Amino acid sequence: MMKTDIKETEKAFELDIDLPGFKKENVHAELQDGYLTVSANTETETEDKDEQGTYLRKERFSRSFYVGDDISEDDISAKFENGILKVTVPKKQLPAPEEAKKVIGIE
């Protein structure tokens, strides 16, 4: 499982995803329909034989985070260093709601 720490700052959300043993070229991030999906795979093959056959091992991990429909891939930055993927997702500023005028009826 991808252990993930998510920190909220004033301007962004910062994700630190632990991926020990993975290489940068085996880690992928994709944004689709408001979801940021981080996937990692390793192609380590080991042969373990028993009476029933041979086992080959390939591991794949994937995790998705909802970041909102108004975020684009250009807004997100990512860096892979020392087995940790650091992803920064900015907060989008929502327009200030217009104050509704409260009118008092006069008779």
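We now turn to the structure provided with this report. All of these numbers come straight from a predicted model, not from anything done at the bench.

So, on to the nonpolar core. If you look at the biggest cluster of nonpolar residues, it comprises 17 residues, and the most contacted ones within it are Ile17, Leu19 and Leu85. Leu19 has contacts with Met2, Val27, Ala40, Phe80, Gly83 and Leu85, leaving out every residue within four places of it along the chain.

Our focus in this paragraph is the pattern of salt bridges. Counted by the stated rule, this structure contains five salt bridges. A salt bridge links Glu14 to Lys7; its shortest N-O distance comes to 3.4 Å. Glu14 sits in the partly exposed class, given a relative accessible area of 28%. When the shortest N-O distance is used, the salt bridge between Lys79 and Glu81 registers 3.8 Å. Residue classification places Lys79 among the partly exposed residues on the basis of a relative accessible area of 48%.

The two faces of the sheet receive side chains in turn, since in a regular strand these alternate between them. The sheet contact formed by strand β3 (residues 27-32) and strand β4 (residues 35-42) spans six bridges and is antiparallel. Pairing of Val27 across the sheet is with Ala40, part of β4. Linking two consecutive strands that pair antiparallel, namely β3 and β4, is a turn of two residues; a positive phi of about 55° is found at Asp33 within it.

Rules and cut-offs
- Residues numbered from 1 in each chain as written.
- Predicted model: local features only at pLDDT ≥ 70, side-chain atom pairs only at ≥ 80, totals over all residues.
- Heavy atoms only, no water.
- Core = buried A, V, L, I, M, F, W, Y, C linked by side-chain atoms within 4.5 Å.
- Buried < 20%, exposed > 50% of the residue type's maximum accessible area, 1.4 Å probe, protein only.
- Contact = heavy atoms within 4.5 Å.
- Salt bridge = Lys/Arg side-chain N within 4 Å of Asp/Glu carboxyl O.
- Pairing = 2+ DSSP bridges.
- Helix = DSSP H or I, 4+ residues; strand = E, 2+ residues; numbered from the N terminus.

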